[in-house]
Amino acid sequence: QVQLVESGGGLVQAGGSLRLSCAASGRTFSDYTMGWFRQAPGKEREFVAAITWSVGPTYYSDSVKGRFTISRDNANNTVYLQMNSLKPEDTAVYYCAAARLYGSWTPRDSAYRYWGQGTQVTVSS
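Description of the structure in this document. Please read these numbers as outputs of a predicted model, since none were measured by experiment.

Side note on the sheet that holds strand S8 (residues 78-83)
Part 1: Read from one edge of the open sheet, four strands run S1-S3-S8-S7, paired in antiparallel fashion. What marks the edges here is a single partner per strand, and that holds for strand S1 (2-7) and strand S7 (68-73). Taking the axes of each pair of neighbouring strands and ignoring which way they run, one obtains an average angle of 15 degrees across the sheet.
Part 2: Sheet topology note: the S7/S8 ladder contains six bridges and is antiparallel. Residue Thr 69 lies in a different strand from S8, and its bridge partner there is Gln 82.

And the structure:
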């Protein structure tokens, strides 16, 4: 079992920044690919970013590429999502997720076994 707890959401004006954190506990954190997903009201959950088990390759959706940065601190079992140049369309509940993909990654949410409770991000225009 892996337990995930997100924090750092809130209300921010367009153009502003937020940093989300996801604290993990349970099994060996460094074994897992970590992903961030989001779900806006009335929309399906969508992939935002992922980072594989090493401090290495990162992957982003086209909608956030160049504005968001995913990173991880395996020593402290935490993954981060730095969000800059926020837009109103970034408003959503953001979820952290973990998958044991042995160094690989996927944007498919069905592949991620463990999920946090979500944190609300609201960007005002």
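Continuing now.
Some details on the side chain of Thr 52
Part 1: Along the chain, Thr 52 turns up in the loop between strand S5 (46-51) and strand S6 (58-60).
Part 2: Note on Thr 52: relative accessible area 2%, which makes it buried.
Part 3: Filtering out sequence-adjacent residues up to four positions away, Thr 52 remains in contact with Tyr 32, Thr 33, Pro 57, Tyr 59, Arg 72, Gly 103, Ser 104 and Trp 105.

Some points on the state of the cysteines
Part 1: A full pass over the atoms with the stated rule returns one disulfide.
Part 2: Shown here is the disulfide that connects Cys 22 with Cys 96, its sulfur atoms set 2.1 Å apart. Here the S-S torsion is close to -75 degrees, and the disulfide linking Cys 22 with Cys 96 is therefore left-handed. Of this pair, Cys 22 sits in strand S3 (residues 18-26) while Cys 96 sits in strand S9 (residues 92-99), placing them 74 residues apart in sequence. A single burial state applies to Cys 22 and to Cys 96, both of which are buried.

The rules behind the values
Residues numbered from 1 in each chain as written. Predicted model: local features only at pLDDT ≥ 70, side-chain atom pairs only at ≥ 80, totals over all residues. Heavy atoms only, no water. Pairing = 2+ DSSP bridges. Helix = DSSP H or I, 4+ residues; strand = E, 2+ residues; numbered from the N terminus. Axes fitted to C-alpha atoms, helices over the stretch in contact; angles between N-to-C directions. Buried < 20%, exposed > 50% of the residue type's maximum accessible area, 1.4 Å probe, protein only. Contact = heavy atoms within 4.5 Å. Disulfide = S-S within 2.5 Å.

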